[in-house]
Amino acid sequence: MKTKNIKAYGTEAANWPLHSMKINRRELNHHDVEIEILYCGICHSDLHAIRNEWGGTTYPIVPGHEIVGKVTKVGNHVAKFKIGDYAAVGCIVDSCRECEYCKEGEEQFCESGWTVVFNSPDKQSGGQTYGGFSESIVVEENYVLHIPEKMDLASAAPILCAGITVYSPLKHWNAGPGKKVGILGIGGLGHMAIKIAKALGAQVVVFTTSLSKVEDAKRLGADEVVLSTDAEQMKKQSKLDMILDTVSAKHNVNDYLNLLKVDGSLVIVGLPADQLPVGAFNLINGRKSFSGSNIGGIAETQEVLDFCAEHNITADIELIDVHQINEAFERLAKGDVKYRFVIDMASLRKSQ
Ligand code: NAP
Ligand code: ZN
Ligand code: ZN
């Protein structure tokens, strides 16, 4: 298979800094689109993966799954994109297309295993997939999204993971008018969840461990903010229909099950490496559900992009250059970002 050698940023080991490296992208098949990457967000999943916190990382790894760019080439049979279009790629770049879930547009549950944009076996080219910390990417058109006109490209990038990951469960569990929804953790996912839940019409209660984010949560749209380290504030909290848990580290989910109404759901999207023990009594008292959700399918990712455009929602970002990536990961590990780092990929093209 013909390939193109391009610049990327990645690492060969869990304890090594990311650095400039070269990777290969396949030449275009008939339905492929080549995208020059303009911006790529940094998600906590990139951090878990480069440090091998979940196990299963294959090195070298090039992370990045919140990709926005411009179409530079299209295969002979591409119908949905033309050269010059703005386009985006999230987590999913391939799936079987035949199973029940692929047919329903829920490729994230593909029975044959979908291909993640990075650190995943590449069924087309062999080897591993390499993500968006790179100059360009080649993806089949069915897994490429359209960026609505006039969206700010850099601050739209986090919609491709953070946005869809919170939109999908908020929709699935009917967050909307008359519903009181809790958002746990104000990071990349959490701050998008506040904006999206509010736009869906829900009453939004935010739980944070960070005093410095309390006022900000109101600016982001929260109706109420609870400092979760303050036992008195937790005790006073009225009951919620649903809580969306975006926390990236070990925490006590039982405290939050106790804040649910009868038939309420605690939905996990955060992926701490440690297990989260659940007390059975906390579930049976109130017929509560402890559930989870994994990003969202391709059609729903387009839907959240369009929804965000319609409601003027983008992420609050800190734009960085590639040489700041390692510092950004250090800060992300400490929760020191308001609220998403996005890399300006022009800086990779300019770098030596
Ligand atoms: P992030 O920006 O680092 O935000 C995580 C937030 O969790 C922090 O800002 C902090 O909020 C809170 N937190 C961190 N450590 C905590 C602790 N020990 N106790 C309580 N709260 C704590 O991360 P992100 O990019 O939003 O990602 C969040 C999680 O979702 C990660 O585990 C990521 O891998 C996962 N994820 C899952 C999916 C999926 O499909 N399910 C998709 C994307 C990401 P406060 O300061 O407000 O307390
Ligand atoms: Zn992510
Ligand atoms: Zn499938």
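Visitor: Tell me about the site of ligand 1, and name the residues and values.
Guide: Neighbouring residues of ligand 1: 29 residues in total, closest His44, Thr208, Thr209, Ser210 and Arg340. For ligand 1, an oxygen atom lies 2.9 Å from a polar atom in the backbone of glycine 188. Contact between ligand 1 and leucine 189: an oxygen atom at 2.8 Å from a main-chain N or O atom of the residue. When the free accessible area of ligand 1 is taken as 930 Å², the share hidden by the protein chains comes to 88%. Those elements that provide at least two residues to the shell around ligand 1 are helix H1 (44-50) and helix H5 (188-199). It is H1 that contributes the most residues to the shell around ligand 1, 3 residues altogether. Of the residues in the shell around ligand 1, the class split is 11 nonpolar, 15 polar and 3 charged.

Visitor: Give me the lowdown on the environment of aspartate 94, citing residues and values where you can.
Guide: Here aspartate 94 is to be found in strand E6 (residues 92-94). Separated by 241 residues in sequence, aspartate 94 and glycine 335 place their C-alpha atoms 32 Å apart. When near neighbours in sequence (up to four residues on either side) are disregarded, aspartate 94 contacts Trp114, Thr115, Gln124 and Tyr143. At 2.4 Å, the side chain of aspartate 94 and the side chain of arginine 97 are in polar contact.

Visitor: Outline the sheet that holds strand E15 (residues 289-292), listing residues and values.
Guide: Read from one edge of the open sheet, 6 strands run E12-E11-E10-E13-E14-E15, paired in parallel fashion. Each having just a single partner strand, strand E12 (224-227) and E15 make up the two edges of the open sheet. If you compare each strand with its neighbour and ignore which way they point, the axes differ by 20 degrees on average. Note that strand E10 (residues 180-184) and strand E13 (residues 240-245) share 4 bridges and pair parallel. Bridge pairing links valine 181 to methionine 242 in E13. Lying over the sheet, helix H4 (residues 162-172) contacts E10, E13 and strand E14 (260-268), oriented at roughly 160 degrees with respect to E13. Contacting E10, strand E11 (203-208) and E13, H5 crosses the sheet at an angle of about 165 degrees to E11.

Visitor: Can you lay out the coordination of the zinc ion (ligand 3) for me, pointing to particular residues and giving the numbers?
Guide: Bound to the zinc ion (ligand 3) are the protein donor atoms Cys96 (SG), Cys99 (SG), Cys102 (SG) and Cys110 (SG), situated 2.3 to 2.4 Å from the metal. Coordination at the zinc ion (ligand 3) comes from 4 donor atoms whose angles at the metal span 102 to 122 degrees, giving a geometry best classed as tetrahedral.

Visitor: Which residues make up the coordination of the zinc ion (ligand 2), and what values go with them?
Guide: Surrounding the zinc ion (ligand 2) are the protein donor atoms Cys43 (SG), His65 (NE2) and Cys161 (SG), at 2.0 to 2.3 Å. Sequence positions of the donors to the zinc ion (ligand 2) reduce to the motif C-x21-H-x95-C. Of this pair, cysteine 43 sits in the loop between strand E3 (32-42) and H1 while histidine 65 sits in the loop between H1 and strand E4 (67-74), and the two are 22 residues apart along the sequence. Residue classification places cysteine 43 among the buried residues on the basis of a relative accessible area of 3%. Using a relative accessible area of 1% as the deciding quantity, one classes histidine 65 as buried.

Visitor: Go over the packing of H4 against helix H10 (residues 298-310), please, and point to the residues and values.
Guide: The interhelical angle for the contact between H4 and H10, taken along N-to-C directions, is 95 degrees, at an axis separation of 10 Å. Considering their axes alone, H4 and H10 lie roughly perpendicular with respect to each other. In this structure, H4 uses Gly163, Ile164, Tyr167, Ser168 and Lys171 to contact H10, whose residues at the interface are Glu300, Thr301, Glu303, Val304 and Phe307. Looking at the contact of H4 with H10, its residues break down into 4 nonpolar, 3 polar and 3 charged.

Visitor: Account for the nonpolar core, naming residues and giving values.
Guide: With 101 residues, the main nonpolar core has Phe133 and Ile196 as its most contacted residues. Take this core: its biggest share by element is 7 residues, from E3. Within the second largest apolar cluster, 16 residues are counted, among which are Leu184, Val226, Ile243 and Leu260.

Thresholds, definitions, all that
- Residues numbered from 1 in each chain as written.
- Chains lettered and ligands numbered in written order.
- Predicted model: local features only at pLDDT ≥ 70, side-chain atom pairs only at ≥ 80, totals over all residues.
- Heavy atoms only, no water.
- Near = heavy atom within 4 Å.
- Polar contact = N/O pair within 3.5 Å; in protein donor to acceptor, adjacent residues only side chain to side chain.
- Areas by Shrake-Rupley, 256 points an atom, 1.4 Å probe, with all protein chains shown as cover.
- Helix = DSSP H or I, 4+ residues; strand = E, 2+ residues; numbered from the N terminus.
- Nonpolar A, V, L, I, M, F, W, Y, C, P; charged D, E, K, R; others polar.
- Contact = heavy atoms within 4.5 Å.
- Pairing = 2+ DSSP bridges.
- Axes fitted to C-alpha atoms, helices over the stretch in contact; angles between N-to-C directions.
- Donors = N, O, S within 2.8 Å, 3.2 Å for Na, K, Ca; no water.
- Tetrahedral: all angles 85-135°; square planar, octahedral: opposite > 155°, others 65-115°.
- Buried < 20%, exposed > 50% of the residue type's maximum accessible area, 1.4 Å probe, protein only.
- Parallel < 35°, antiparallel > 145°, perpendicular 65-115°, else oblique.
- Core = buried A, V, L, I, M, F, W, Y, C linked by side-chain atoms within 4.5 Å.

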